[in-house]
Amino acid sequence: MMAANEGPGGGEAQKQKYVHNRGRNRRNNNQQSHQQSHQHRNNYKQTHSNRNNNNRNKPPLRSRNQVSHAELTTSLLEVSTSRHLIESSDGIQNRRRVMKRLDSMLCAWSDSLLPTASYADMLTSSNKKAKSSHPSLFSFGSYRLGVHTPDADVDCLVLAPPHIQRHDFFDTWISVLKSQDNITDLHPVATAYTPVVKFCMDGIKIDMIFARLDIVQLNWLADHKLRLEQAKDQQKTEDKIAESVKEQSSTSAGTTTAAVHDDDEDDELEELIAEVVVSDDILIGLDETSVRSVNGVRVSQYLLAVVGTSPTRLENFRLTLRIVKEWARVHGLYSNVLGFLGGVNWAILVCWVCKENPNAKASMLLNLFFRTFANWSWPHPVFLAKQQQHPIKGVSSLPIWDPVNNFRDAKHLMPIITPCYPSMNSSYNVGEPQLRRIQDELRRATKICNDVCFGRKTWSDLFKGNDFFRQHANYLQVDIVSTGEDDFREWFGLCEARMRILIAGLENPIVGTQAYPFAKFFTRKEEDGKHVSSFFIALRFAEDAEKVDLGPLLIDFLQIVNSWDKRKETMDLAINIVSQQNLPSFAFEVECTEKENAVDVVNASSESTAETNAKDEDNDTNEVNKSMEKSPPRSAKKKLGSGNDSGTPSMFISPLKRAKIG
């Protein structure tokens, strides 16, 4: 019998209801599981996000094997000291005394040039202690930046009042210098691109340039001198107060202390105050030559301003720059006149790295410097500041670096732009061979720094000799020869200034040659009394080269040196092809010996100081461009050999071993 609630098919209905409920429960369970999984994912994301945020706020983790930058910076300072890159306190004080003495001499010389007593009265302000008739002396370059070596020269600017003309600087001022017993090696170069007077005073080499202020800037000199005197008076007052407090403390303690005044503190104070801010206003009324002269001071001032007044940051900048400059010298990369980079170029690059990494220690800055510029996309320019297109009111408009509208600027390969108006490319001399060598050495230095950071090498490995004379199979040796020290100095200056033309001529894809110059001269005095300075350019050739005629590649350079109207019979030039096995022994001598041999000649002449370099930039650039224009389209270039065992021709034709006067 069936139950009352059961009808026909009742069992089937119950079964369907059960299946329906089971499906609904399954869907509910799946939905609940999905919600739980979603919650788990949200919790994981939140946890992971918090972990990332925490990691973002932490300093980057250092490998267990990596040496700390504090230790690396300490060892970097030790290397800098051991290589004598930092001058002693006695040497610094000697430089300050020389600068102070020169300032006094300039003031006396200026007074002697005053035309009349009434003119002198006009230059005297009744409410000021200082006369605006006195010039001011400003340092710039490595000495101003505080990175000079003990044997470095001092670059300084004489900012003169309107009654002193440029011809006075190269006439009566030279007479004043000649009358001093402690001044030697006097070489005025009035015809240089930036006129300069070079001399040595009490063992300190001086490069002095000149700028004449306009009458509208006359009060600037007076204000500057007044600020100097006020600062000195204030310092003396503070010293008296300090001594008074010290005496009172000593009296209360039952002891007496004698007051001792340190003259060196006055020297340091005068040097500090003398380096006042030189703003764009100083350019009002200046001619173009004076603007170029003043810009050296302004660029040095700008670099220090970018680094900042923090002693730690300043010392990190100086230590990094010292190491970079020494590295460049050791590896033959330090010479603006030879188409490499000079002091201001390296300083701007280091300053750029410091600006981008203001809190980095010196070891990290050095690592970043090599890594950054080894991978820099040249000719993308390096700017420290946004380029100023127009001068301030009252300043004449001057040409600035403009690759868009100036075809010559567009050809620059490694533009490093000065930060002050008028902005210029400080490295316009760099050619393809020089840029190639700089990039190669930067890459090698990057690897060494990485090894130093992991303890596999030391900082000394950056300066361990150089492999230049072991990397190539063939070299061009250029010997500059002359009898007599003065004749040699003149002849060397001419040849050094034109060496870029020779380097550019040897870079010839048609013939299949590449040039690798080494920016160092090896100078010696031979037994017969002749002065000789040797310069080396490594050569690489196309792999299929069998015969190479170097004569046509040298012709531009030889025409210039042979046509020099001041050349004497005693001035000679020898050009020889030398294989690596036959290189002279002095090329492999200890680096420090090479530096000692080269320093006298290198300092005796430079692009801005040799009288033979009086031609302006355009003339030299045109000669270099002539050589570069001989290069064929890129598709026509021959494949060049690499390494020291390939790309050697079986015969050299017309190597032009001697370059006599023709």
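The structure reproduced in this document is the subject of the present report. (Residues numbered from 1 in each chain as written. Predicted model: local features only at pLDDT ≥ 70, side-chain atom pairs only at ≥ 80, totals over all residues. Heavy atoms only, no water.)

**Notes on the pairing of strand E1 (residues 136-140)**
Walk down a regular strand and you will see the side chains alternate between the two sheet faces.
Point 1. Counting buried positions along E1 yields five of five residues, so the element is predominantly enclosed.
Point 2. Of the two faces of E1, the one lined by Ser136, Phe138 and Phe140 and the one lined by Leu137 and Ser139 are each fully buried. (Buried < 20%, exposed > 50% of the residue type's maximum accessible area, 1.4 Å probe, protein only. Helix = DSSP H or I, 4+ residues; strand = E, 2+ residues; numbered from the N terminus.)

**Side note on the nonpolar core**
When a protein is soluble and globular, its nonpolar side chains tend to lie buried together.
Point 1. Judged by nonpolar contacts, the single largest core of 93 residues is most densely connected at Trp327, Trp346, Phe369, Phe373, Leu462, Leu476 and Leu573.
Point 2. Non-local contacts of Trp346, meaning those with residues more than four positions away in its chain, are made with Leu321, Val324, Lys325, Trp327, Ala328, Leu333, Tyr334, Leu341 and Phe369.
Point 3. In terms of nonpolar packing, the next biggest core, distinct from the first, is built from 26 residues, Met99, Leu102, Ile164 and Ile204 among them. (Core = buried A, V, L, I, M, F, W, Y, C linked by side-chain atoms within 4.5 Å. Contact = heavy atoms within 4.5 Å.)

**Considerations on helix H10 (residues 288-307)**
Because an α-helix packs 3.6 residues into every turn, residues spaced three or four apart end up facing the same way.
Point 1. For H10, which comprises 20 residues, the first-to-last C-alpha distance of 29 Å matches the rise-based estimate of 28 Å (1.5 Å per residue) to within 8%.
Point 2. At Asn295, H10 shows its largest bend, some 30°.
Point 3. At the exit of H10 stands Gly308, carrying a positive phi of roughly 100°. (Expected span 1.5 Å × (residues − 1). Bend = angle between axes of the 7 residues up to and from the residue.)

**Quick notes on the sheet that holds strand E4 (residues 196-201)**
Backbone-to-backbone hydrogen bonds join strands into a sheet, with any given pair of strands oriented parallel or antiparallel.
Point 1. Spatially, the five strands line up as an open sheet ordered E1-E2-E5-E4-E3, and their pairing is mixed. Of all strands in the sheet, those bounded by a partner on one side alone are E1 and strand E3 (183-189). The average angle at which neighbouring strand axes cross in this sheet is 25°, direction not considered.
Point 2. For E3 and E4, the ladder comprises five bridges, and the chain directions are antiparallel. Pairing of Pro188 across the sheet is with Val197, part of E4.
Point 3. Set on the sheet, helix H3 (residues 89-112) makes contact with E1, strand E2 (154-160), E3, E4 and strand E5 (204-212); between it and E5 the angle comes to about 40°. (Pairing = 2+ DSSP bridges. Axes fitted to C-alpha atoms, helices over the stretch in contact; angles between N-to-C directions.)

**So, the pattern of salt bridges**
Point 1. The tally for this structure, following the rule as stated, stands at 17 salt bridges.
Point 2. With a shortest N-O distance of 2.7 Å, Lys198 and Asp207 are connected by a salt bridge. Asp207 matches Lys198 in its accessibility class, with the two residues each being buried.
Point 3. The salt bridge partner of Asp451 is Arg456, with a shortest N-O separation of 3.0 Å.
Point 4. Asp451 gets classed as buried once you look at its relative accessible area, which sits at 17%. (Salt bridge = Lys/Arg side-chain N within 4 Å of Asp/Glu carboxyl O.)

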